[in-house]
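What follows is the residue order along each chain.
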Amino acid sequence: MKNNKDPILSLHNITKSFGSVVANDSIYFDLYPQEIQVLLGENGAGKSTLMKILYGMYQADQGEILINQQKVVIQDPNDALRLGIGMVHQHFMLVPVMTVTENLMLGDEKTKGNAFGKLSKLDRETVRQEIIALGNKYGLQVNPDAVVEDLSVGEAQRVEILKVLYKGADILILDEPTAVLTPQETSELFEIMRSLIKQGKSIIFITHKLKEVLAVADRIAVLRNGKVVGHTTPAESSIEELALLMVGREVLLTATKGQSHPGKVVLNIKDLSIKSKSEVMVVKNFSLQLRAGEIYGIAGVQGNGQSELIEAITGLMQPHSGHIIILNKDVTHSSPRQITLVGTAHVPEDRQKHGLVLGFSVATNLVLQTYYLPPFSNGWVIYPEKVEENADEKIDEFDIRTPSRDALVSNLSGGNQQKVIIARELSRPINLLIINQPTRGLDVGSIEYIHKRIIEARDKGVAVLLVSAELDEILSLSDRIGVMYAGELVAEMDAKGANREQLGLYMTGSKKEKMLKENINQ
Amino acid sequence: MAIFTALLVSSIAILLSGASPIKAFSALAVGAFGTRDNLIETVVKATPLIIAGLGVALAFRGGLFNIGVEGQLFIGSIVAVLVGTNFDLPKIINVPLVMLAGALAGALLAAFSGYLKAWHGAHEVITTIMMNYIVLRIITWAIGANGPLRKPLSIVPETRSLFESARLPLLISDTRLHMGIVIALALAAGVYFLLFRTVLGVEIRIVGKNLHAAKYVGINVKRNIVLTMALSGGLAGLAGAIQVMGIPPYNFTTGFNVGYGFDSLAVAVLGSIHPVGVVFSALLFGAMDAGARLMQLRAKVPIDIITLLQGLILMFVAANQIIRSLYHLPAPSKEDSVNLTQSWGGE
Amino acid sequence: MTSILLVSLMSLAIIKAAPLIYGALCGLMSERSGVVNIGIEGMMLTGAFMAFMGSALFSKWTGGVFNPNVSLVVGLLVGIISAALVAGLHAILSIHYKIDQVISGTVINLLAVGLTNYVANAYIDPTHLSGVGVFPVWKIPLLSKIPILGPIFFEHQPMIYLMFALVLFLQYAIFNTPWGLRLRSVGEYPQAADSVGINVIKTRYLNVILGGALAGLGGAIMVLESVGRFQKLMTSGRGFIALAVMIFGRWSPIGAFGAAILFGFSEALGVRLQFGDINHLYALVVVAALAVILTSIVWGINRLRNRSTKGKSPFLIGGIFTLGLTILYLANQVEFPKVSVPIEFLGLLPYVLTIIVLTGLVKRAVGPAAVGKPYEKQ
């Protein structure tokens, strides 16, 4: 659908630097009315910076923005909204403890009368009606009285889009909206996007997922290292070409790995149930057997019990009932340290929150699991020279890019921070590797490296339990795949026979598979 | 720089009260360093600040804000008095015994706040401050008119003096310089070793920097919090015990030690929560305390200007960014901040 | 006889609770906007001190031309403005310079103590500066004639009525106006507020400073409606107790009011016990009963406000409320044996209560999500 009208939005020569880093380097970009233009680029390419400039959250160092051929200045989000630009953020910008209605009013509140200015009474009823009407118009039904924290991810995203429409946006920026969705929810989102286009809206769609690009784009702009490196359309391009443009070199789209040779059972989970802090059963009767030398991938939409499952296995959370057995040792109620000591490595979901002490040096972070053991300590006193030796070794071996071993780990890039964790966890003698969202937010180079290391560990006979929200990651690394939905293992399959659509159905709970008992008891 | 700016600002306060800041501060300097006895007084005043300041710094490293040093110091003193006025053992046993009793009292009091935080999520800032008031009231009662510790026939609220065997030996006879400073310096070395060279120290610092990571690497966070508070309170209690054991008339009265709790806080922050820094900043504060009397005498400036000065120093050190922008200094390369609000909501 | 005693105790409880309520409102404004405020103590002390200085000096300089009440009002304004300025310092340190907010609050407390003690010693004591008395009691016509409730609620000095008005007004404003919606969004999820064009920094500054003004009122009331002069360190921990009150009241003004009454009552009891006409055991039982009743009321209000199924069941609330009343009734029927406790220990009650409140409730009471975190634009 090519449009020959004048662009509704143009960015001319936009440049923005942070210190010595040039995030956006003289970018030109046009958006035509009623089109979906994809902005493609990997993490750190400068997509978000560009959109934040457009939305008024940053100011460009150079360049200009034109709306309908008119030069405009966007100082803050208020200006952007006034000009009809709305943004659906990757992390939902909704206040969890407030209702849908309150969230939509926020920033531009309707009141009953205006006698007391900002202290007039909120007019919730009118806004409720407007939300219902708007929802009907665009096919985005939501309950206006629901509290946001009770909504599912998909629903919250509908609220987020509705919010932007409610504020009168004609240009919608969607920032990585599919990162948290199942394949089915993603298709639904694409439907919604097309219907919005028909009703006169224009959309900028930001992503790094190549398949989505071809499915939804009218036109594509590719960003690399802060520069636009190409404009194309789905018809003129292929996944391989886009990948080459995005990364700048040939990339392996799937990790290469040999046949797996499963050995003895390392991790045996029997009928595990876990209650959350708010007394909700978040994992129900979960059973799993993981063998040495295989990678078991757990797919599922975030928040279906994966995090709690991992916290229970690693001892961070007490399960409600059931058993966890690692190498014939019952560790159901063991402490995290006891579980570490039986040879478990854990690469946590949130590397900055759990995996690292950001205020400590790289060297110290590399011994975070072993500082109390020989050779680093005799149990009481620490030997700093051993810690330093170890750091030099690991920095070399795992190619950690750091100014020095004494540099604070907070100064490292995300990819190198993750390498510190991988180095620490994999260089111990381990039998079990538990790895949650190993590559979230990383660039392609780091992703390739980390995938390689995980497969190496498997080939050395480590049992790997992988949890990831990225279906592609699950599909390319796993030997076996299980799907979690609402705290249950709803399907288990060999990775060879698995496909995205089928997994997606399990992930949304619309399909369940009777598990083969004999398969488990073998 | 922070100290210099604080001096400038407090000069304004002195000017407003009609005195001369130059006269005031020179009197302060003479009072602190002018004679041998003044110098000794500076050291004597700095001694409890070093020990209590180490306590605050230790807690800071563990992510805990022990603002209850005042109460822990008081209870350390009073328990030291309790033991030191009732047991008259040989000096070689009695001195360590009385010190230990004081330290233990402070440790228990602080550990209770640590327990409330670790198991019940009550923020230590509030519980330790409440403890300060509770301890103060109980002590006021204990040495009040009919209190059990009141020195018989005394007209002011005070306790009996410690037995000779419970007093700290003097380093130089006929002066006020007692053994306390040696103990304080040894403790500084000990705290340094503990924090940076031992397994326990690493664990304290991990908990202080990142609670989640601490749980992830398998540290028993709750136990660690209680232990850190106990160590911190133990140091404060010891500071209190050493005060009554080292300074004539070797007893406890109400006006005694007031303000040491908050001063030690400022000392710890000014000393960049590092044991060596604490020693130097405590000496500085000791000098200010020692010189204040002469300043009041010569320049007619109330002693409370010192509290103000110390508050300002704390502010400018904490907000070192203000100082950097005032003097156009470059930002430091290594950040070593503490994060005390990480558990404000209670986790 | 005991019911007259109870009425006078309740009335005194409200008076004693007032500084705590003002302090808690300060904490609430600040924390709802996402800034931890442990400097309430210092702000209240400043408010008390400047209210005294303002009224006393105004009266001295004008040579008594005006009615003493004019001097008191001037003092009140000076107190409010000074405390707001101190809060401004807290805001600058914690919002602009992003100092750890707990440290910043401590700095505020230290400076307030240093400054007020200094001036008290350097100026007030040597010149024997004396106060101009206190605000008179205003009996509200008609309302004060209501039996029991009249003497409890409607025979007070003006700043108590101001406190009632502020509690009701803030309760309405925080939950039902654009200002309140913005305030809460900034404290819960500042990025979201920013994304719809709300100025997070400005909102925080404004509310921390307004909160400071409220703390100033809390300090001023101690001087202008109670003792009539400034005493060194006169707030004696009330700023911290106010924090516990705020948490107990779940960051809502009405809740803070209820919680503060409990503390005020225990303080009032301490005062009355010094006269020696109350049985100590009786006093303890009454405090317990009151705690039970207030808890049920706070639950009830929370339930009504949420208009949802969240919260305790109405039967539980009603049952507990009745239980409290029953204990109160029985306490007045039974003759308690005489037990004597040193008066200093009874003075400990508010402090011990604070610790108990924090210990028992903090885990379940969840404050604004973004509290304590400096806002960084991404």
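What you see is a predicted model, and the numbers here were worked out from it, not measured in a lab. (Residues numbered from 1 in each chain as written. Chains lettered and ligands numbered in written order. Predicted model: local features only at pLDDT ≥ 70, side-chain atom pairs only at ≥ 80, totals over all residues. Heavy atoms only, no water.)

Let us look at the overall build of chain C. For chain C, the count of helices and strands is 15 helices and 2 strands. Expected size for 378 residues packed as a compact globule is a radius of gyration near 21 Å; at 21 Å, chain C falls within 12% of this value. By principal-axis analysis of the C-alpha atoms, chain C measures approximately 65 × 60 × 40 Å. A separation of at least 24 residues holds for 78% of the contacts in chain C among residues at least 6 apart in sequence. As presented, chain C carries roughly 14600 Å² of accessible surface, and 70% of it is formed by carbon and sulfur atoms. The averaged location of the 13 negative side-chain charges in chain C is 9 Å from the averaged location of its 25 positive side-chain charges. (Helix = DSSP H or I, 4+ residues; strand = E, 2+ residues; numbered from the N terminus. Rg over C-alpha atoms; globule rule 2.2 N^0.38 Å. Contact = heavy atoms within 4.5 Å. Areas by Shrake-Rupley, 256 points an atom, 1.4 Å probe, with all protein chains shown as cover. Lys, Arg positive; Asp, Glu negative; His and termini not counted. Charge placed at Lys NZ, Arg CZ, Asp CG, Glu CD.)

Moving on, we come to the pattern of salt bridges. Inspection of every chain in the model, using the stated rule, returns 39 salt bridges over all chains. Residues joined in a network through salt bridges with shared partners are A:Glu102, A:Arg124 and C:Arg184. (Salt bridge = Lys/Arg side-chain N within 4 Å of Asp/Glu carboxyl O.)

On the surface, A:Lys277, A:Lys353, B:Lys215, B:Lys222 and C:Lys373 cluster together into a positively charged patch. Here B:Lys215 shows up in helix H9 (residues 211–216). (Patch = residues over 30% accessible without salt bridge, like charges linked within 9 Å, V, L, I, M, F, W, Y side chains within 5 Å.)

So, about helix H10 (residues 221–246) of chain B. In this model H10(B) runs 37 Å from its N-terminal to its C-terminal C-alpha over 26 residues, within 8% of the 38 Å that 1.5 Å per residue would give. Within H10(B), 21 of the 26 residues are buried, which leaves it mostly tucked inside the rest of the structure. (Expected span 1.5 Å × (residues − 1). Buried < 20%, exposed > 50% of the residue type's maximum accessible area, 1.4 Å probe, protein only.)

Once that is clear, we can look at the nonpolar core. Nonpolar side chains tend to gather and get buried jointly when the protein is soluble and globular. C:Met163 and C:Phe265 are the most contacted members of the largest nonpolar core, which has 216 residues in total. The element best represented in this core is helix H1 (residues 2–32) of chain C, accounting for 17 residues. When sequence neighbours within four positions are dropped, the list of residues in contact with C:Phe265 reads C:Leu6, C:Leu9, C:Met10, C:Ala13, C:Val286, C:Val287 and C:Leu290. Judged by nonpolar contacts, the second largest core, of 71 residues, contains A:Ala345, A:Ala363, A:Val409 and A:Ile435. (Core = buried A, V, L, I, M, F, W, Y, C linked by side-chain atoms within 4.5 Å.)

Before going further, it helps to examine the environment of C:Ala24. Residues and elements named next belong to chain C. Take Ala24: it is sitting in helix H1. Distance in space between the C-alpha atoms of Ala24 and Val245 is 6.2 Å, their sequence separation being 221 residues. Apart from residues lying up to four places away in sequence, Ala24 is in contact with Ala242, Val245, Met246 and Ala256.

With that out of the way, let us pick up the interface of chain C and chain A. Every contact between the two is made by 25 residues of chain C and, on the other side, 32 residues of chain A. Counting the surface lost from both chain C and chain A, the interface buries some 2400 Å², and carbon and sulfur atoms represent 61% of this. In this structure, A:Glu102 and C:Arg184 form a salt bridge, with 3.6 Å as the shortest nitrogen-oxygen distance. Elements supplying a minimum of two residues to the side of chain C that touches chain A: helix H6 (158–176), helix H7 (178–188) and helix H8 (190–195) of chain C. Counting residues per element, the side of chain C that touches chain A draws most heavily on H7(C), which supplies 7 residues. (Buried area = accessible area lost by both parts, 1.4 Å probe.)

Here we come to the sheet that holds strand E1 (residues 9–18) of chain A. Residue and element names in this part refer to chain A. If you walk across this open sheet you meet the 4 strands as E2-E1-E4-E5, and the pairing is antiparallel. Each end of this open sheet is capped by a strand with a single partner; those strands are strand E2 (21–31) and strand E5 (70–72). Geometrically, the sheet is characterised by an average inter-axis angle of 30 degrees between neighbouring strands, direction not taken into account. Direction of pairing for E1 relative to E2: antiparallel, over a ladder of 7 bridges. Residue Ser10 lies in a different strand from E2, and its bridge partner there is Asp30. (Pairing = 2+ DSSP bridges. Axes fitted to C-alpha atoms, helices over the stretch in contact; angles between N-to-C directions.)

Tracing the backbone shows A:Leu368 in the loop between helix H12 (362–366) and helix H13 (384–397). What makes A:Leu368 buried here is its relative accessible area of 1%. Considered as a pair, A:Leu368 and A:Val357 are 11 residues apart in the sequence and their alpha carbons are 8.7 Å apart. Not counting residues within four places of it along the chain, the set of residues in contact with A:Leu368 comprises A:Gly355, A:Val357, A:Arg424, B:Ile206 and B:Val217.

Glycine aside, residues mostly have negative phi, and peptide bonds are mostly found in the trans state. With an omega of 5 degrees, the peptide bond between A:Pro374 and A:Pro375 qualifies as cis. For A:Pro375, the position within the fold is in the loop between H12 and H13. Cis peptide bonds are those with omega within 30 degrees of zero, and the linkage from B:Pro248 to B:Pro249 qualifies with 0 degrees. Tracing the backbone through its elements, the reader meets B:Pro249 in the loop between H10 and helix H11 (260–270). Phi at C:Leu142 takes a positive value of approximately 65 degrees, unusual for a residue other than glycine. By the secondary structure assignment, C:Leu142 is in the loop between strand E1 (138–139) and helix H5 (149–153).

Turning our attention to the packing of helix H3 (residues 36–61) of chain B against H10(B). Residue and element names in this part refer to chain B. As a packed pair, H3 and H10 sit with axes 8 Å apart at the nearest point and diverge in direction by 175 degrees. Viewed along their axes, H3 and H10 adopt a mutual orientation that is roughly antiparallel. Of the residues in H10, those in contact with Thr47, Pro48, Ile51, Ala52, Leu54, Gly55, Val56, Leu58 and Ala59 of H3 are Thr228, Leu231, Ser232, Leu235, Leu238, Ala239, Ile242 and Gln243. Of the residues contributing to the contact of H3 with H10, the split by class is 12 nonpolar, 5 polar and no charged. (Parallel < 35°, antiparallel > 145°, perpendicular 65-115°, else oblique. Nonpolar A, V, L, I, M, F, W, Y, C, P; charged D, E, K, R; others polar.)

Once the domains are mapped, chain A shows domain 1 (1–84 + 170–251), domain 2 (95–168), domain 3 (263–343 + 430–522) and domain 4 (353–428). Each of domain 2 of chain A and domain 4 of chain A was reduced to a C-alpha centroid, and the two centroids are 48 Å apart. (Domains from an automatic or database assignment.)

On to the interface of chain C and chain B, then. Contacts between chain C and chain B engage 42 residues on the former and 46 residues on the latter. For the pair chain C and chain B, the summed buried area comes to about 4000 Å², and 78% of that belongs to carbon and sulfur atoms. Counting the surface chain C buries against chain B, the share from its top three residues, C:Tyr97, C:Leu110 and C:Tyr118, is 17%. Where chain C touches chain B, the interface holds 0 salt bridges. Here chain C is connected to chain B by 1 residue pair in polar contact (both at pLDDT 80 or more). Secondary-structure elements contributing two or more residues to the side of chain C that touches chain B are helix H3 (68–96), helix H4 (101–127), helix H10 (238–248), helix H14 (343–346) and helix H15 (349–361) of chain C. The leading source of residues in the side of chain C that touches chain B is H4(C), at 13 residues. Here the side of chain C that touches chain B is built from residues that sort into 26 nonpolar, 11 polar and 5 charged. (Polar contact = N/O pair within 3.5 Å; in protein donor to acceptor, adjacent residues only side chain to side chain.)

All names here are of chain B. Compared with the 21 Å implied by 1.5 Å per residue over 15 residues, the 22 Å span of helix H1 (residues 2–16) between its first and last C-alpha is a close match. Buried within H1 are the following residues: Ala2, Thr5, Ala6, Ser10, Ser11, Ala13 and Ile14. One or two residues past the end of H1 sits Gly18, with phi positive at roughly 90 degrees.

All names here are of chain A. Here 7 bridges tie strand E13 (residues 265–275) to strand E14 (residues 281–291), and the two strands are oriented antiparallel to one another. The residue of E14 that forms the bridge with Leu267 is Leu290. Taken together, E13 and the strand that follows it, E14, pair antiparallel across an intervening segment of 5 residues, in which Glu279 is found at a positive phi of about 65 degrees. Pairing geometry for E13 and strand E16 (residues 321–326), over 5 bridges, is antiparallel. Each residue of the ladder has a partner; that of Ser273, found in E16, is Ser321.

Residues and elements named next belong to chain A. Pairing of E1 with strand E4 (residues 62–67) involves 5 bridges; the strand directions are antiparallel. Bridge pairing in E4 places His12 opposite Glu64. Taking the residues between adjacent antiparallel strands as the criterion, E1 and E2 are bridged by 2 residues, where Gly19 takes a positive phi near 60 degrees.

This part is about the packing of H11(B) against helix H13 (residues 305–318) of chain B. Residues and elements named next belong to chain B. One way to put it is that H11 packs onto H13 with a least axis distance of 9 Å and a crossing angle of 30 degrees. Both H11 and H13 take part in a crossing whose hand is left-handed. Here H11 contributes Asp263, Leu265, Ala266, Val269 and Leu270 to the contact with H13, which in turn contributes Gln310, Ile313, Leu314, Val317 and Ala318. (Left-handed = near helix turned anticlockwise from the far one by under 90°.)

This brings us to the sheet that holds strand E18 (residues 344–347) of chain A. Residue and element names in this part refer to chain A. An order of E18-E19-E20-E15-E21-E22 is seen for the 6 strands of this open sheet, with the pairing classed as mixed. Lying at the two open borders of the sheet, with one neighbouring strand each, are E18 and strand E22 (488–494). Going from strand to strand, the sheet's axes swing by 15 degrees on average, the running direction of each strand aside. Bridge count for E18 against strand E19 (residues 432–436) is 4 bridges, and the pairing is parallel. Bridge pairing in E19 links Thr344 to Leu432. Where helix H14 (residues 414–426) meets the sheet, its contacts fall on E18 and E19, and the angle it forms with E18 comes to roughly 175 degrees.

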